[in-house]
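The lines below spell out each chain.
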Amino acid sequence: MDATKECIQEIKKAIGEENVSDDKPSRIVHRVCHGIESLLHENLDIFTPAAVVRPKTTEDVVKIVNCASKYEVGLVPQGGRTCTYGAECVNGAIAINAVRMDKIISIDEVAYNITAQAGVRLTDYINFLNERGFDTVELPTMIKSSLMGSRAAISGYNKWETRWGGSKDNIKSMEVVLANGDVVRVGHGSGGPSKSVVGLDTMGMFIGSRGSLGIITEMTTRFIPKVPAYHYGIRAFTNLEDGLNAYLELRNPLHASAVWRTKAYHKWMLKQAVTTSSDFVWPEDVEMLVDYHILGDPEVVDAMTRRSEEICEKLNGFWRDDLPPTEFVGQMHNTMEKFMGMGALQSERLVSGGMGNRIVPLDANIPNSHLIDFYKEYLDFLKDTEAGTTWPNLAKHYHVLSPGEPLPTEQGGTKFWALMLADSKNFDKQSIEEFKGWFREYAELIWKHEGSLTATHGFIPKDMEVEFTKRELGETGYNLLKTIKKALDPKNIMNPGLRF
Amino acid sequence: MAIKKEDAIVSIEEFEPQVWSCVNCYCGLCIEECPVFTETKREAVTGRGMALIAHALLTGELDASDIDEDLAYSCTGCGWCEYTCALNTPVFIQQTGTRRTRVSGATLAEMFRMMKAEQGKVPKAVSDALGSLLKSGNPYRKPKKGKDRWVAGLNLGDSETDTILYVGATIPFEDRATEMAEAIVDVLKAAGIQFNILGSAEMDSGAFAMMMGEDGLFEEMTERTEKLIVEKNVKTIICVSPHDYDAFKAYYPAFEGLEIKHYTQVFDELLATGKLKLSKSVDKKIVYHDPCYLGRKNDIYEEPRNMLKRVPGVELVEMEKNREHTYCCGGGGTGLIHEIENIRMNQTRVEHAKEQDADCIAVACPICIQMLDDGVKSKNYKMEVKDIAQLLKEAL
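Keep in mind the model is a prediction, meaning the values are calculated, not measured.

S.K.: Describe the interface of chain A and chain B, naming the residues involved and giving the relevant values.
M.R.: Facing 46 residues of chain A, the contacting portion of chain B comprises 42 residues. Here chain A meets chain B over a buried area of about 3,500 Å², counting both sides, of which 54% is carbon and sulfur. One can count five salt bridges joining chain A with chain B. Where Glu61 of chain B meets Arg31 of chain A, a salt bridge forms, and the shortest distance between an N and an O atom there is 2.8 Å. Counting every contact that joins chain A to chain B gives 19 residue pairs in polar contact (both at pLDDT 80 or more). The set of elements that each furnish at least two residues to the side of chain A that touches chain B consists of α2 (24-29), α10 (267-277), α13 (336-339) and α14 (349-352) of chain A. For the side of chain A that touches chain B, the residue count by class is 12 nonpolar, 19 polar and 15 charged.

S.K.: Tell me about the pattern of salt bridges, and name the residues and values.
M.R.: Within this structure, the stated rule accounts for 61 salt bridges over all chains. In this structure, Glu10 of chain A engages Lys70 of chain A in a salt bridge whose closest nitrogen and oxygen atoms are separated by 3.1 Å. Here Glu10 of chain A, found in helix α1 (residues 3-15), pairs with Lys70 of chain A, found in helix α3 (residues 58-71); they are 60 residues apart in sequence, far enough to count as distant. Given a relative accessible area of 52%, Lys70 of chain A falls into the exposed group. Notably, a salt bridge pairs Arg323 of chain B with Glu318 of chain B, separated by 3.5 Å at the nearest N-O pair. Classification of Glu318 of chain B as partly exposed rests on a relative accessible area of 26%. Linked by salt bridges that have partners in common, Glu174, Arg176, Asp373, Asp374 and Lys377 of chain B make up one network.

S.K.: So, the packing of helix α10 (residues 124-136) of chain B against helix α14 (residues 215-231) of chain B: which residues are in play, and what are the values?
M.R.: Residue and element names in this part refer to chain B. The N-to-C vectors of α10 and α14 enclose an angle of 25 degrees; their axes lie 11 Å apart at closest approach. Here α10 is positioned roughly parallel relative to α14, judged by the angle of their axes. Of the two possible hands of crossing, α10 and α14 adopt the one that is left-handed. Facing Leu130, Leu133 and Leu134 of α10, the residues of α14 in contact are Leu217, Glu220, Met221 and Arg224. Its residues assigned to classes, the contact of α10 with α14 shows five nonpolar, no polar and two charged.

S.K.: Tell me what's going on with helix α18 (residues 465-488) of chain A, and back it up with residues and numbers.
M.R.: Residues and elements named next belong to chain A. Under the 1.5 Å per step criterion, the end-to-end length of α18 is only 21 Å for 24 residues, more than 12% shorter than the ideal 34 Å. A bend of about 110 degrees at Gly474 is the largest found in α18. Buried within α18 are the following residues: Glu465, Phe468, Thr469, Tyr478 and Lys485.

S.K.: Outline the packing of aromatic side chains, listing residues and values.
M.R.: Residue and element names in this part refer to chain A. Within this structure, the stated rule accounts for 32 aromatic pairs over all chains. Consider the rings of Trp164 and Trp260, whose centres lie 5.6 Å apart with planes at 90 degrees: the pair is edge-to-face. A residue pair is termed long-range when its members are at least 10 positions apart, and Trp164 in helix α6 (residues 161-164) and Trp260 in strand β12 (residues 259-266) qualify at 96 residues. Note on accessibility: Trp164 and Trp260 belong to one class, buried. Aromatic side chains Phe374 and Tyr378 sit 5.4 Å apart centroid to centroid with 15 degrees between the ring planes, which places their arrangement in the stacked category. Separated by four residues within a single helix, Phe374 and Tyr378 lie in helix α15 (residues 371-387), roughly one turn from each other.

Calculation notes
Residues numbered from 1 in each chain as written. Chains lettered and ligands numbered in written order. Predicted model: local features only at pLDDT ≥ 70, side-chain atom pairs only at ≥ 80, totals over all residues. Heavy atoms only, no water. Contact = heavy atoms within 4.5 Å. Buried area = accessible area lost by both parts, 1.4 Å probe. Salt bridge = Lys/Arg side-chain N within 4 Å of Asp/Glu carboxyl O. Polar contact = N/O pair within 3.5 Å; in protein donor to acceptor, adjacent residues only side chain to side chain. Helix = DSSP H or I, 4+ residues; strand = E, 2+ residues; numbered from the N terminus. Nonpolar A, V, L, I, M, F, W, Y, C, P; charged D, E, K, R; others polar. Buried < 20%, exposed > 50% of the residue type's maximum accessible area, 1.4 Å probe, protein only. Axes fitted to C-alpha atoms, helices over the stretch in contact; angles between N-to-C directions. Parallel < 35°, antiparallel > 145°, perpendicular 65-115°, else oblique. Left-handed = near helix turned anticlockwise from the far one by under 90°. Expected span 1.5 Å × (residues − 1). Bend = angle between axes of the 7 residues up to and from the residue. Phe/Tyr/Trp six-rings, centres within 6.5 Å; stacked < 30°, edge-to-face > 60°.

Below, the structure is given as structure tokens:
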């Protein structure tokens, strides 16, 4: 019996045979995630795990880690696998599926902290809070699929990020099983152990680490009281600059306490999106929509609503009857899950029920000072992509769904949220090679504007990862990552597919 | 939209666009409320899981021998994945989608069952039920003549009507389903509705055969049923079972000119128009369990509730999972006759009713009544499971 098989047998004994699946269909089911890495490989067997394990407790995870460490078998933690990068498994590794770790452990209604196991589904977490009269600030798009632990593992994005920040800001503490089997509680602030005023922010290392440093088993997050008043506003713009300037002004840091979210939408996407759900015809003169969500006490919402309207008016914003119902855009986040169905666009599925496309999310983080210039250049780049001048084969199987929906990330930056559509079945070797060339040029454009490749979706093709990470962090920054990884996981058993 | 019965049988190769659509989308919405996943936490048995497995079958990475029994026979066809699927949201699919074009875990599970049948590896309980369906039109290995005797005992008289009550494959071969059907008969009589029952000539509508993944039997049953209904010059079919109702709507384009109704639609109309009057009080706190094939599959949610609200003395409360979010009783697919380890949806559903402190679970399906009654007995709860027709009969 080889080491991996011995390891699996030992895990079966340790956590119960019924919690381990090593049949081939189950292993195939857990090999990839929503990410596009799998689009770039003709043979997906490179991602197929040796087994899928479903621990119920932290103790189960410790047993699994100890077995994996003993036999030096890789471990890849997985949540809902709707992320775009990092949850792909590795051939011969063991996928840890957190679904049975689904208990909400405690809630502190005075401190506004809630502690849950890593496998709690976001919908259950949100319902739990709502039933008690509270609201969540952990609000990603795929709430029905995402698990809590993944919020930390991928450093998640949240709907109300302008006001409340991303998951890295909302997580107060976490329990992590390290590669040597030790269980550690890391945290800051009032949600658990504090690093005090000195020392390292050890929790920060694990946020966004995608399981490469340890297995997150439990986390404490903050929540908020029910918000008493809400206003949704939306305006149309006939030119890109007016729309983007309105977006930038609405998200002026002075407004962030009331404008919890603002977002811009280009007609390239809107024209296509309306066709999935209606017979609506997009008015050609409207280039961009910008919407904003104002929340807080009623008097604050009233005042900010007036101010937002003034901002839009000054930048020639308007609304007309020939535009789609405001809830169409306003509910986009809530129905974004259904927007995965936009993979039907530009495919036979819309007209005959045939095959849908694959959505390729690519969102860079662009400094606000570069946003307008970047957007203009990016639009030209995408037109060139569709024309097939540089990448003729790619152009046959790769199209623009959205050229970018600017959305605030950290103060001063915008995540670009661009979506492409790939005809995955016909995405052949030549398409893959051309895609890598295309991606390199896309990256150069982002770096030219002092941006980063990784905002929400954080994708870099695996065989470019080391080169591109070095490019963004510098050789020294990259070496620091390697040093931390080596210190915490000397046998490289934690998500060994990630390149360090 | 009804498709031809020969088009209802889909191979994995023909289903490839839907498999790819799911693999491309990967949203995983189908997993959240999939009852099999809720029971087992095993993703392989969900819509997305089965699509990924089908994809591997198409690429040759897996073959039929890799499909184990749990994988093939766990799905109950509850329709949650079809309802919630992001790739089923385009207008085209919503308006004209069929079994061939909708992404569906149930369709994939039925294909896996067909593969098992081709390999001759069908669980004994399923193969016995299939044999019995072919021979006697019921899954319980009971002689079909019993249906004629039962119909004779109903004293329907010699009616010239072109309306039939289609009782389906479970009646009168299972006691609880039969009591339900008899209540429907009594209520129809009380409202003065003329109707016939076809007796032993009535076999399976194809609903059972399809769910069990036996395509040859499905063709046989649908051909026989179509011929029978046409020969009898039937104009209106009132269905006892949501499964037959769904089959007639989905697989019988020849019936598009006929009026096909589930009995809850008929009763709701009779009550609304005053042709059926209820006078006695039925003092019960009742939860209504939406059958998957009535609700999610055919959008019939309000008629059963309207009826219950009209019953004097009834306090109607909702389970947390209701309407589109209903939780399957576990009897779909092959669940009625073949138990899978670790899957006890009927007991889970009974717990949902218990949470509401209900005296009675009202159902509108001859499969749900059996499954939930078994669930109540397993839990040893003092709770009744009754069909809405039985409650109406009490209130007459």
